Amino acid sequence: MPAQGFISLIGAGPGDPDLLTVKGLRRLQTADVVIYDALVSRDVLDVCRADAELLDAGKRAGQATRSQAAINTLLIQKARAGLQVVRLKGGDPFVFGRGGEEAAALQAAGIAWEVVPGISSAIAVPAYAGIPVTHRACASSVAIVTGHEDPAREGSRINWSALATATDTLVFLMGVGRLAYIAAQLIAHGRAPDTPAAAIRWGTTAEQETVTGTLATIAAEVARAGLTAPATLVIGEVVRLREQLRWFDALPH
């Protein structure tokens, strides 16, 4: 029987391949198998060994290449074959990446594993748009919220009445398809309609696009601009800083 393999749950970062961590790079360069998600840059996959097995496990707009149960089974099978396996996810594996679910499945199966954190789009994408998620003058707190909850769950886990005014900055990931609903919920539960808001598509990449408005207008502005997923939504006074700090927009791409 082969020796037990090992699995690294790695965050590939927000999109720019140069934002991959050094530890993530080293694991990819030695992996026998890389099971990757849809938003992972092909440039990141190019650092893998020429003989590594690359398996697509991505999901876009609800269309999954493999179910989560199938991914868990695949990870366990590859590890039990004695292989060094990388499970490569966009952003950070434990920030809405279902990394916790996969880690639990590995732990239950007795598989050795580790987490290599990645730079989350929740902070990197606003930064590339010139929006710091905290700022001493206007934002001492930030909340990161999923815009796409488990479709099998009845009702929402989000406590809108608490969330709306709980923090200075709100960052929604995977929420562009429900933008009007999100804005309406926040306004209905006490967030000011004129709160600045921004939606950033393909953040940290050369294709980055940013649309700004207010909580009351951002859904219409995004629709008018034709902005689609993947996009990050930022709500709060920090969005006003974009006009002063939009450094990435000024660079040649």
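All values reported here derive from a predicted model rather than from experimental measurement. (Residues numbered from 1 in each chain as written. Predicted model: local features only at pLDDT ≥ 70, side-chain atom pairs only at ≥ 80, totals over all residues. Heavy atoms only, no water.)

Caption draft 1: Looking closely at the sheet that holds strand S1 (residues 6–11). Strand order in this open sheet of five strands is S3-S2-S6-S1-S7, and the pairing throughout is parallel. Each having just a single partner strand, strand S3 (53–56) and strand S7 (112–116) make up the two edges of the open sheet. The mean angle between the axes of side-by-side strands here comes to 20°, regardless of whether they run parallel or antiparallel. Relative to S7, S1 runs parallel, the two sharing five bridges. Within S7, the residue paired with isoleucine 7 across the bridge is tryptophan 113. (Pairing = 2+ DSSP bridges. Helix = DSSP H or I, 4+ residues; strand = E, 2+ residues; numbered from the N terminus. Axes fitted to C-alpha atoms, helices over the stretch in contact; angles between N-to-C directions.)

Caption draft 2: Highlighting the nonpolar core. The biggest cluster of nonpolar side chains holds 23 residues, and the ones touching the most others in it are Leu163, Phe172, Leu186, Val222 and Ile235. With four residues, helix H7 (residues 179–188) is the largest single contributor of residues to this core. Setting aside anything within four residues of it in sequence, one finds phenylalanine 172 in contact with Val145, Thr146, Gly147, Trp160, Leu163, Ile182, Leu186, Ala231, Thr232, Leu233 and Ile235. (Core = buried A, V, L, I, M, F, W, Y, C linked by side-chain atoms within 4.5 Å. Buried < 20%, exposed > 50% of the residue type's maximum accessible area, 1.4 Å probe, protein only. Contact = heavy atoms within 4.5 Å.)

Caption draft 3: Expanded view of the packing of helix H3 (residues 68–80) against helix H4 (residues 99–109). Where H3 contacts H4, the two axes come as close as 10 Å, and the packing angle between them is 45°. The orientation of H3 relative to H4 falls into the category oblique. Helix-helix and strand crossings are classified by hand; for H3 and H4 the assignment is right-handed. Listed contacts from H4 to Gln68, Ile71, Asn72, Leu75, Ile76 and Arg80 of H3 are Glu101, Glu102, Ala105, Leu106 and Ala109. (Parallel < 35°, antiparallel > 145°, perpendicular 65-115°, else oblique. Left-handed = near helix turned anticlockwise from the far one by under 90°.)

Read these as layout, nothing more, since geometry by itself doesn't imply function.
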